[in-house]
Amino acid sequence: MPGAGSAETLDVIVGLFVLFVAAKLGEEVFRRIGQPGVVGELAGGFLVGPYALGLVAPGETATVLAEIGVVILLFAVGLEIKTDQLLQVGRPAAITAILGVVFPMAAGAGYALLTGKEPATAAFVGLALAATSIGITSRVLADLGVLDRGFSRIIIGAAVIDDVLALILIGIVSGAAEGDLSVATLGLVVGALGFVALGFAIARRARGVRREVFTWPLFADTPLVPAFMLMLGLAILAAFIGLAAIIGAFVAGLIVAETEAQDEIEHEVKPLASVFAPFFFAVTGAQLDLGALLDPRLALAAIVLAIIGIVTKVLAGVIGARSAGRWGALAVGIGMAPRGEVGIVVVTLGLSLGLLSAELFSAVLVAVVLTTVVAPIMLNVVVPRAAAESDAAEGREPATA
């Protein structure tokens, strides 16, 4: 006899099915017209979401699957990158990250002040534009097969630094808004820096670790099982410190990438990413409320903020990553443009603190999602040129894919 919760459970499963099918159909359509599949997944989520057809309203289960999906995606990205490669681009990545936080935060806050907003409110608007979501960009780079290029490594490195800087700023701005700037903020900063540094150190020490280390436990029929446990453990630890869980997953990928089991684990984790990652993009797309654009004032604010968000990140990349070449630097700037879940978290925090009105919240949220949708389309145009430029500079044969 079915339990009392079976009807509710079935509703959840149906909702997940609708989200997944919509994401995959969207990916299929967009790939066939030569656009990034991730944009199709975002569009599919929007189409079936509460602000379009209303077929599904992503709840807690969908949100959890979305988080698992982006965690697996960043673990897979980490598996394809060596620590030496990231350290080689440390300087341009650091400059890009710093400028990529300062420029959009200053411009976004300045626009908010010019439109009559209070300083605390303006700070949250700027902070929402300063954050970067590497989940979107890394998916596009992986789909285009360019994660091994220098400009891609700059994007990844800058995104990690950006996340630490965003953590610092979120702590400062929210603490100032609540009148409680304490040593706890400093503790979070030290913990975040220590976590990333320790992760890199462990990754370098893991170089050459034999495959048998992963299959020694009797429960490990495949090296993926212990690696998956490491991924989840570091994701949890990163979230506990205050970083995004995806940074912990990425560090786990870096560690495993240095071992002899890297190839096998990378091969096995890709199907998981193909199944779970679409939930992240579909749920993100479902949060886009285009109805807010029916109000001319909100539409203008959202469009201006989206333009500010994209232009300032592109400018930061062009300046900070100029060593990657003209197209490479442009790809870095565009790759840092999506705000994704990080920007959404900041905007939601501002709303909960009473610093953003419902109208301003909608405008900034639409701007955040617009950067998330537009950036992959721009990357699809720029990345092939950046890859060709990189291949010519390194003397390698051009990619034929």
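Quick note: structure is the one above.
Below, the structure is looked at part by part. (Residues numbered from 1 in each chain as written. Predicted model: local features only at pLDDT ≥ 70, side-chain atom pairs only at ≥ 80, totals over all residues. Heavy atoms only, no water.)

1. Topic: the overall build of the protein
Next, step 1: In terms of regular secondary structure, the protein is built from 17 helices and zero strands.
Next, step 2: In terms of C-alpha radius of gyration, the protein reaches 21 Å, essentially the compact-globule figure of 21 Å for 401 residues.
Next, step 3: Structurally, the protein occupies a C-alpha span of about 65 × 60 × 50 Å along its principal axes.
Next, step 4: Counting all 401 residues of the protein, 52% fall into the buried class.
Next, step 5: When contacts within the protein are restricted to residue pairs at least 6 apart in sequence, long-range pairs at least 24 apart make up 80% of them. (Helix = DSSP H or I, 4+ residues; strand = E, 2+ residues; numbered from the N terminus. Rg over C-alpha atoms; globule rule 2.2 N^0.38 Å. Buried < 20%, exposed > 50% of the residue type's maximum accessible area, 1.4 Å probe, protein only. Contact = heavy atoms within 4.5 Å.)

2. Focus: the nonpolar core
Nonpolar side chains in soluble globular proteins tend to be buried together.
Next, step 1: Membership of the largest hydrophobic core comes to 89 residues, with the highest contact counts inside it found for Phe-75, Phe-151, Phe-195, Phe-250 and Ile-265.
Next, step 2: Here this core gets twelve residues from one element, more than from any other, and that element is helix H3 (residues 60-79).
Next, step 3: When residues no more than four places from it in sequence are discounted, the contact partners of Phe-151 are Leu-141, Val-146, Ala-324, Gly-328, Ala-331, Val-332, Val-383, Ala-386, Ala-387 and Ser-390.
Next, step 4: Judged by nonpolar contacts, the second largest core, of 33 residues, contains Ile-308, Leu-365, Val-366 and Ala-367. (Core = buried A, V, L, I, M, F, W, Y, C linked by side-chain atoms within 4.5 Å.)

3. Let's talk about the packing of helix H5 (residues 90-114) against helix H14 (residues 296-320)
Next, step 1: One way to put it is that H5 packs onto H14 with a least axis distance of 8 Å and a crossing angle of 155°. Overall, the two elements H5 and H14 adopt an arrangement that is roughly antiparallel. Both H5 and H14 take part in a crossing whose hand is right-handed. On H14, the residues touching Pro-92, Ile-95, Thr-96, Leu-99, Gly-100, Val-101, Phe-103, Pro-104, Ala-107, Gly-108 and Tyr-111 of H5 are Leu-300, Ala-301, Val-304, Leu-305, Ile-308, Thr-312, Lys-313, Leu-315, Ala-316, Gly-317, Ile-319 and Gly-320.
Next, step 2: Residues belonging to the contact of H5 with H14 are distributed by class as follows: 16 nonpolar, six polar and one charged. (Axes fitted to C-alpha atoms, helices over the stretch in contact; angles between N-to-C directions. Parallel < 35°, antiparallel > 145°, perpendicular 65-115°, else oblique. Left-handed = near helix turned anticlockwise from the far one by under 90°. Nonpolar A, V, L, I, M, F, W, Y, C, P; charged D, E, K, R; others polar.)

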